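# Structural description and commentary
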Amino acid sequence: MSSLLEVFCWGRGTEDQLGNGLGINSNIPVLVASLPSSAPIAIAAGRSHCLVVTDDQVVYAWGSNSHGQCGIPPPEEEEEEEGEEDSSQEPPQTIPLSGNGAQHVVYPTAIAALSSENIVAIAAGHFFSAALSADGSLFTWGRGNEGQLAVGTAQVVPIPRKVPLSIPLIHVACGTKH
């Protein structure tokens with residue numbers, strides 16, 4: 001993040017983790033131009049996905065969503081969970097891939113499931129993500145095969161889920177699988 005509150009990415013981009021829609025590597029910093037005008041307050045990068053939280057507590061994700069690590073379900077799953085389709089909202093900018101149904105979130109897309117949670121901090125692991133709310137609640141999503149989501153399942157959790165905690169947290173960090 002620059003002193004002008006712009007977000008830049010570089011390096012491997014073949015899973016759209018650079019957020020520019022090109023899907024190619026870059027050996028120079030690339031501006032993530034499609035972020036909203038809200039100021040970013042935190043950024044996080046996982047193996048092949050990125051997160052940003054803005055000063056209005058909106059969390060954006062982009063890159064590989066092969067294990068739900070972006071927290072944005074494919075459009076068909078989103079419609080099933082939300083009931084009637086809302087034509088006023090744009091669908092996530094995703095590209096379905098062959099094979100296991102994985103997808104890429106090509107441009108920064110707001111994580112709808114966190115829209116009312118007042119998120120102040122984020123972290124990204126290998127294939128999972130975490131967000132911390134102002135009241136100390138922790139939310140995790142993505143690949144949980146090694147218990148890294150702390151929500152009682154070793155399955156993929158494609159939508160942020162609140163971690164059952166007895167005390168509020170003040171910081172969050174993620175490692176490769178922890």
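These notes cover the structure that comes with them. Since we're looking at a predicted model, the values are computed, not measured.

Assigned secondary structure in the protein chain consists of 1 helix and 11 strands. The order of helices and strands in the protein chain, counted from the N terminus, is β-β-β-β-β-α-β-β-β-β-β-β. Looking at the protein chain as a whole, 44% of its 178 residues qualify as buried. Restricting to contacts in the protein chain with at least 6 residues of sequence separation, those with at least 24 account for 51%. For the protein chain, the exposed area adds up to about 9200 Å²; of that, 52% sits on carbon and sulfur atoms.

It is worth spelling out the side chain of Ser133 at this point. One can find Ser133 in strand E9 (residues 128-133). A polar contact of 2.4 Å, which involves the side chain of Ser133, links it to the side chain of Asp135. Ignoring anything within four residues of it in the chain, the contact list for Ser133 reads Glu117, Asn118, Ile119, Val120 and Phe139.

Secondary-structure assignment places Gly21 in the loop between strand E1 (8-11) and strand E2 (26-31). On the basis of relative accessible area, Gly21 is assigned to the partly exposed category, the value being 28%. Measuring from C-alpha to C-alpha, the distance between Gly21 and Trp62 comes to 9.8 Å, with 41 residues separating the pair along the chain. Residues within four places of Gly21 in sequence aside, it is in contact with Asp16, Val106 and Tyr107.

The subject of this paragraph is the pairing of strand E8 (residues 119-124). The side chains of a regular strand alternate, first on one face of the sheet and then on the other. Sheet topology places E8 next to E9; 5 bridges connect them, and they run antiparallel. The partner of Ile119 across the bridge, within E9, is Ser133.

Before going further, it helps to examine unusual backbone geometry. With phi around 65 degrees, Asp16 is a residue other than glycine that occupies positive phi space. Looking at where Asp16 falls in the secondary structure, it is placed in the loop between E1 and E2. Given the relative accessible area of 6%, Asp16 is considered buried. Here the phi dihedral of Ala150 falls at roughly 60 degrees; this positive angle occurs in a residue that is not glycine. Mapped onto the elements of the fold, Ala150 is located in the loop between strand E10 (138-142) and strand E11 (157-162). For Ala150, a relative accessible area of 45% translates into the label partly exposed.

Moving on, we come to the nonpolar core. One finds Leu51, Trp62, Ile111, Leu114, Ile119 and Ile122 to be the most contacted residues of the largest nonpolar core, which totals 26 residues. Looking at this core, the elements with two or more residues in it are strand E3 (40-45), strand E4 (49-54), strand E5 (59-64), E8 and E10. The residues touching Ile122, leaving out its near neighbours within four places in the chain, are Ala42, Ile43, Ala44, Leu51, Val52, Val53, Val59, Ala130, Ala131 and Val172. Counting 10 residues, the second largest nonpolar core, distinct from the first, contains Phe128, Val151, Val157 and Val172.

According to the stated counting rule, one finds 3 salt bridges in the structure shown. Taking the shortest distance from any N to any O, the salt bridge between Glu15 and Arg47 comes out at 3.4 Å. Here Glu15, found in the loop between E1 and E2, pairs with Arg47, found in the loop between E3 and E4; they are 32 residues apart in sequence, far enough to count as distant. A residue is classified by how much of its surface remains accessible, and Glu15, at 13% relative accessible area, is buried. Owing to a relative accessible area of 37%, Arg47 belongs among the partly exposed residues under this scheme. For Glu146, the salt bridge is made with Lys177, and the minimal N-O distance between the two is 3.5 Å. On the criterion of sequence distance, the pair formed by Glu146 in the loop between E10 and E11 and Lys177 in the segment after E11 is long-range, its members being 31 residues apart. Judged by relative accessible area, which is 49%, Glu146 ranks as partly exposed. Assessed through its relative accessible area of 39%, Lys177 is described here as partly exposed.

Quick notes on the rules
Residues numbered from 1 in each chain as written. Predicted model: local features only at pLDDT ≥ 70, side-chain atom pairs only at ≥ 80, totals over all residues. Heavy atoms only, no water. Helix = DSSP H or I, 4+ residues; strand = E, 2+ residues; numbered from the N terminus. Buried < 20%, exposed > 50% of the residue type's maximum accessible area, 1.4 Å probe, protein only. Contact = heavy atoms within 4.5 Å. Areas by Shrake-Rupley, 256 points an atom, 1.4 Å probe, with all protein chains shown as cover. Polar contact = N/O pair within 3.5 Å; in protein donor to acceptor, adjacent residues only side chain to side chain. Pairing = 2+ DSSP bridges. Core = buried A, V, L, I, M, F, W, Y, C linked by side-chain atoms within 4.5 Å. Salt bridge = Lys/Arg side-chain N within 4 Å of Asp/Glu carboxyl O.

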